[in-house]
Amino acid sequence: MEALAYDPVLKIKDSVDVYVSTGESDVCTIQFYHINTRQKLSIRIAPSFSDVLAALDGLSPLSKILKSFAFELDPVELKSIFEYLVAKGVLEHPTIEDPNSRYSRQINFLSDWIFGLSSNKAHEQIINSNVVIFGVGAVGSSIAINLARAGVSKFTFVDNKVLSSQSAERHPFFSAKEVGEAKVDALKRHLEKINSAVRVTCVREKLLPLTDLSSLVDDATLVVNTADEPYIGHTSVKLGRYLWGKKIPLYVAGGFDAHLMSTGDFYIPGESVCIDCCSGFFSAALADWKPTYKVHKTNSAKTHIIGGSGGTYSMSLFSASYACIQLLNYLAGGDAYKFRISQRGEFIIGKGEIEWVEILAKEGCNVCGK
Amino acid sequence: MSVENKTYRLRSCVAIVKTKRFVEFFDSNLRTGFSIELDYPEIIGLLHHFDGSLSVNDVSCLYPEISTAELCTLVLFLQNKSVLIEVDEPYLQPDINYRPRLINTLESYFHSTSEVRRSIYQGSKANILIIGLGAVGSWVLHCLVKVGVQNITVMDNDNVELSNLHRQDLFFEADVGTPKVIAARNNIKQAYDVDITAVCKKMESVEDLSLTDFPDLVINCADSPSVDTTSKIVSDFCLNHKIPHIIGGGYNLHLTLIGQVIIPGVTACLHCFDKILSPTNAAELFGVKKLNRKYRKIGSMGPVCGVSASITATEAIKVIFGVPIRFLAVVNKRLEFNLSTFDFGAFSVERDITCAYCATD
Ligand SMILES: [Zn+2]
Ligand SMILES: [Zn+2]
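These figures come from a predicted structure and were not determined experimentally. (Residues numbered from 1 in each chain as written. Chains lettered and ligands numbered in written order. Predicted model: local features only at pLDDT ≥ 70, side-chain atom pairs only at ≥ 80, totals over all residues. Heavy atoms only, no water.)

A. Geometry of the overall build of chain B. Within chain B, the secondary structure is distributed over 11 helices and 16 strands. Taken along its principal axes, the extent of the C-alpha atoms in chain B is 80 × 50 × 45 Å. Per-residue burial for chain B yields a buried fraction of 59% across its 361 residues. As displayed, chain B has an accessible area near 14300 Å², and 52% of this comes from carbon and sulfur atoms. (Helix = DSSP H or I, 4+ residues; strand = E, 2+ residues; numbered from the N terminus. Buried < 20%, exposed > 50% of the residue type's maximum accessible area, 1.4 Å probe, protein only. Areas by Shrake-Rupley, 256 points an atom, 1.4 Å probe, with all protein chains shown as cover.)

Given below as structure tokens:
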């Protein structure tokens, strides 16, 4: 065979299963199945093509692989079919990379989840992110740990509380010896053990109506709010208004009392509803819902109300993990996160399903203009 | 003791809304609710008197217009619905101080403080076996330690690798090269002063599971050589000894799957599932061969495993603390997380009462 003008090195993506039908003699169906996203692609083609596919090793150029076959294939047709399969994310031009390097499995995952961007570039965007987190309690710290493990290398934590013995219940960075220490400092040390390259700025402050945000958030790639004091709605409105003007996304995480396994709200200027539309939406939706709760003084230490809010680490881990799937998709340059933008979900612990509410913008809102 | 002499507490996590004809109750921990038709305007004030110190009789005296019998009927109904909880034993002070959230979580599932106390005791003493400390097992282990489960055995023969750190809990850079079970044991001891049992071994047969006392729950998070192989071993062992077990998910090739809880003789077992799943697979794959490839390394991401592990652990906690089976969510079905729609799908399987493997004989 003469030298091919089109002579790439190719391999089938690791995350794709390939099935070949065997029923017919002159044609077969080859099905490609993305195991992570569960998407399928089928082609009808000559059976000999499946042998070529199986021989793609990600090392040898195509011409060398084709040499070992006794049959002739039309190079033009071959080129168009290979280019099609590359475009569909089934085949890839392998990058030279140690398969056991720290993030190889994640980069592999991204290649199947982020389109229009190389997986290495997508991963680089995660690494280079700067995430500011208000409130590093059960959910905030869990988000920080997940993002740090994924490679996010720059954080700022804002929280004024200290670790208590009770933090053992849900704070993943808890250590008995650190009771009494500032949460932000203990979490910083925890992240440094995970990844020595991480850089953390600790701010031992509580987010207050008069807090000057500019020095805290102006360099952020995105901001996460889990600060539930005085009330998560109030801290979020303050942050949301400021960040919208700065075109910085805000993620208000779920997983707090009465919403123990909820998904978060993602506010992205130009893409989602704005914070005021969201809080207006819920005030209107709950206008007739004026519940009373009885608070008993059964606990002399008053650290927690017996009979009140429950929750386990496994439950806050759900909200944190869910948040991080959305956040990492956004940071890596994906667009799957858009599917649930401006929607809030509550995972129902007894059913194993999410109940969704679509958050609607106020008509004619001059902030989010939806 | 008769109802009128018993003491009840209105649970603080229950929101009550009174409309003209109805009273709505909403448990904000479980996010479930119900309403009853009742036009008694003082109902909320009345219920607020149940503060854990007054008996039904005491409250009845404050509302002479309601007969004691009528009040007792209402109290029993609301106790059954977990709005009121009978206060028949005080909680232990260490539990109130260190795990109030666990107490409150469990109160949604039981009807009296003595039941909750028994549940906490049962959970703390339960013997749990986790097989595989990978991207699901490590998170599940941490979840169980944090609710105060004391007797956990972990089985795995891998060492911590640098390429594990992006998706596995409990391991740090300093642990690279150490056996996973040892690193996990040391890090848990350090943070929580809890001793777990580390078995540095790969599960390869049913015999490998007979090394300790029978566990009360086995959680399979191992995917080597394949999930099918490890699940089969766990199922054989657990069905034989009637041990509840969980087929975990989130592993290679099944990254977004959340496996089912199996209560032998009560819910669909692995074979009940296979019977339904195999024909579906076979029909789809009839006359089809899988292309064989030599170089393949599957992608994975931490929080995707975290979602799977969080649900598995939340279900495991219900089993460990003796929560009634009707509150389990992932029985007779598998969940699957869809990474494009960010939502769960479910695949339901009824228990086959003729199943030779999980028959109650
Ligand atoms: Zn708006
Ligand atoms: Zn069965």
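B. Seen up close, the packing of helix 7 (residues 137-146) of chain B against helix 8 (residues 180-192) of chain B. Residue and element names in this part refer to chain B. Between helix 7 and helix 8, whose axes approach to 12 Å, the crossing angle comes to 30°. Judged by the angle between their axes, helix 7 and helix 8 are roughly parallel. Crossing geometry of helix 7 relative to helix 8 is assigned as right-handed. Where helix 7 abuts helix 8, its residues Leu141, His142, Val145 and Lys146 lie against Ala184, Ile188 and Tyr192. Classifying every residue of the contact of helix 7 with helix 8 by side-chain character gives five nonpolar, one polar and one charged. (Axes fitted to C-alpha atoms, helices over the stretch in contact; angles between N-to-C directions. Parallel < 35°, antiparallel > 145°, perpendicular 65-115°, else oblique. Left-handed = near helix turned anticlockwise from the far one by under 90°. Contact = heavy atoms within 4.5 Å. Nonpolar A, V, L, I, M, F, W, Y, C, P; charged D, E, K, R; others polar.)

C. Just the interface of chain B and chain A, in detail. Listed by partner, the interface residues are 97 residues for chain B and 103 residues for chain A. When the two sides are added together, the surface that chain B and chain A hide from each other amounts to roughly 9000 Å², 57% of it contributed by carbon and sulfur. Counting across the interface, chain B meets chain A through four salt bridges. B:Asp343 is the partner of A:Arg340 in a salt bridge, and the nearest nitrogen-oxygen pair spans 3.5 Å. Run the count over chain B and chain A and you get 36 residue pairs in polar contact (both at pLDDT 80 or more). At 12 residues, the largest contribution of residues to the side of chain B that touches chain A is made by helix 11 (residues 302-320) of chain B. (Buried area = accessible area lost by both parts, 1.4 Å probe. Salt bridge = Lys/Arg side-chain N within 4 Å of Asp/Glu carboxyl O. Polar contact = N/O pair within 3.5 Å; in protein donor to acceptor, adjacent residues only side chain to side chain.)

D. Local environment of empty space enclosed by the protein. Using the criterion set out here, one finds six cavities of 30 Å³ or more in the structure. Here the largest cavity defines a volume of roughly 80 Å³. As for the largest cavity, its lining consists of A:Thr312, A:Ser314, A:Met315, A:Ile349, B:Leu102, B:Thr105, B:Leu106, B:Tyr109, B:Thr314, B:Ile317, B:Lys318 and B:Val323. Elements represented by at least two residues in the lining of the largest cavity include exactly helix 11 (313-331) of chain A together with helix 5 (100-107) and helix 11 of chain B. Here the residues of the lining of the largest cavity are counted per class, giving seven nonpolar, four polar and one charged. (1 Å grid on protein atoms, 1.4 Å probe; cavity = no way out; pocket = protein on both sides within 12 Å on 5 of 7 lines; lining within 4 Å. Points joined across faces, edges and corners; volume = space filled by probe spheres on them.)

E. Layout of the pattern of salt bridges. Under the counting rule described, the total for this entry stands at 27 salt bridges over all chains. Among the ionic pairs, A:Arg102 bridges to B:Glu173, the shortest N-O distance being 2.7 Å. Of this pair, A:Arg102 sits in the loop between strand 5 (91-92) and helix 4 (104-110) while B:Glu173 is found in the loop between strand 8 (151-156) and helix 8, placing the two residues in two different chains. Of the residues examined, B:Glu173 reaches a relative accessible area of 22% and is grouped as partly exposed. Residue B:Lys6 pairs with B:Glu86 through a salt bridge whose shortest N-O separation is 3.9 Å. Taken together, the residues B:Lys6 in the segment before strand 1 (7-10) and B:Glu86 in strand 6 (residues 84-86) connect sequence positions 80 residues apart. Under the relative-accessibility criterion, B:Lys6 is labelled buried at 19%.

F. View of the coordination of the zinc ion (ligand 1). Every protein donor of the zinc ion (ligand 1) is accounted for by A:Cys274 (SG), A:Cys277 (SG), A:Cys365 (SG) and A:Cys368 (SG), and the metal-donor separations fall at 2.3 Å. Taken together, the four donor atoms surrounding the zinc ion (ligand 1) define angles of 101 to 116° at the centre, an arrangement classified as tetrahedral. (Donors = N, O, S within 2.8 Å, 3.2 Å for Na, K, Ca; no water. Tetrahedral: all angles 85-135°; square planar, octahedral: opposite > 155°, others 65-115°.)

G. Main features of unusual backbone geometry. Residues and elements named next belong to chain B. Here the residue pair Ser224 and Pro225 is connected by a cis peptide bond, since its omega of 5° sits within 30 degrees of zero. Along the polypeptide, Pro225 turns up in the loop between strand 10 (217-220) and helix 9 (227-241). Phi angles above zero are rare outside glycine, and Lys242 is one such case at about 55°. Of note in this structure, Asn332 is not a glycine but carries a positive phi near 55°. In this fold, Asn332 is placed in the loop between helix 11 and strand 15 (333-338).

H. Highlighting a nonpolar patch on the surface. Residue and element names in this part refer to chain A. Judged by side-chain polarity, Tyr293, Val295 and Ile305 come together as a nonpolar surface patch covering roughly 250 Å² of accessible area. With respect to the element layout, Val295 can be found in the loop between helix 10 (275-285) and helix 11. The exposure class of Val295 is partly exposed, given its relative accessible area of 48%. (Patch = residues over 30% accessible without salt bridge, like charges linked within 9 Å, V, L, I, M, F, W, Y side chains within 5 Å.)

I. Seen up close, the sheet that holds strand 12 (residues 257-258) of chain B. Residue and element names in this part refer to chain B. Read from one edge of the open sheet, three strands run 12-15-16, paired in antiparallel fashion. Looking at strand neighbours, the two that pair on one side only are strand 12 and strand 16 (343-348), the edges of this open sheet. Where strand 12 meets strand 15, two bridges bridge the pair, whose relative direction is antiparallel. Note that in strand 15 the partner of Leu257 across the bridge is Glu336. (Pairing = 2+ DSSP bridges.)

J. How the structure looks around the domain arrangement of chain B. Here chain B is described as being made up of domain 1 (3-91) and domain 2 (126-348). A separation of 41 Å is found between the C-alpha centroids of domain 1 of chain B and domain 2 of chain B. (Domains from an automatic or database assignment.)

K. Representation of the nonpolar core within the structure. Ranked by size, the top nonpolar core spans 127 residues in total, and within it A:Ile143, A:Phe155, B:Ile130, B:Leu141 and B:Leu144 carry the most contacts. Among the elements that take part in this core, helix 11 of chain A stands out by supplying 12 residues, more than any other. (Core = buried A, V, L, I, M, F, W, Y, C linked by side-chain atoms within 4.5 Å.)

L. How the structure looks around the sheet that holds strand 6 (residues 130-134) of chain A. Residues and elements named next belong to chain A. Spatially, 8-7-6-9-10-11 is the arrangement adopted by the six strands of the open sheet, whose pairing is mixed. Unpaired on one side and paired on the other, strand 8 (199-203) and strand 11 (265-267) mark the two borders of the sheet. The sheet shows a mean angle of 15° between the axes of neighbouring strands, taken without regard to direction. Inspection of the sheet shows strand 7 (residues 154-158) paired to strand 8 by five bridges, in the parallel sense. Looking at the pairing, Phe157 lines up with Cys202 of strand 8.

M. Summary view of helix 7 of chain B. Residues and elements named next belong to chain B. The element helix 7 is largely enclosed, with a buried count of 10 among its 10 residues. The complete set of buried residues in helix 7 reads Gly137, Ser138, Trp139, Val140, Leu141, His142, Cys143, Leu144, Val145 and Lys146. One or two positions beyond helix 7, positive phi appears at Gly148, with a value near 90°.

N. A look at the pairing of strand 2 (residues 14-18) of chain B. All names here are of chain B. Here strand 2 lies mainly inside the structure; four of its five residues are buried. The pairing of strand 2 with strand 3 (residues 22-27) spans five bridges and is classified as antiparallel. Residue pairing in the sheet places Lys18 in a bridge with Val23 of strand 3. What sits between the antiparallel neighbours strand 2 and strand 3 is a turn of three residues.

O. Up close: the packing of aromatic side chains. In the structure shown here, the tally under the stated rule is 24 aromatic pairs over all chains. Seen in terms of ring centroids, B:Phe34 and B:Phe77 are 6.0 Å apart; in terms of plane orientation they differ by 80°. Their pairing is edge-to-face. Of this pair, B:Phe34 sits in strand 4 (residues 32-37) while B:Phe77 sits in helix 3 (residues 68-80), placing them 43 residues apart in sequence. Both rings, one in B:Phe214 and one in B:Phe237, keep their centres 5.9 Å apart while their planes meet at 75°; by these two values the pair is edge-to-face. Taken as a pair, B:Phe214 in the loop between strand 9 (197-200) and strand 10 and B:Phe237 in helix 9 lie far apart in primary sequence, 23 residues in all. Taking the relative accessible area as the measure of exposure, B:Phe214 reaches 45% and is therefore partly exposed. Through successive ring pairs, a cluster of aromatic residues spans A:Phe318, A:Tyr322, A:Phe347, A:Trp356, B:Phe337, B:Phe342 and B:Phe344. (Phe/Tyr/Trp six-rings, centres within 6.5 Å; stacked < 30°, edge-to-face > 60°.)

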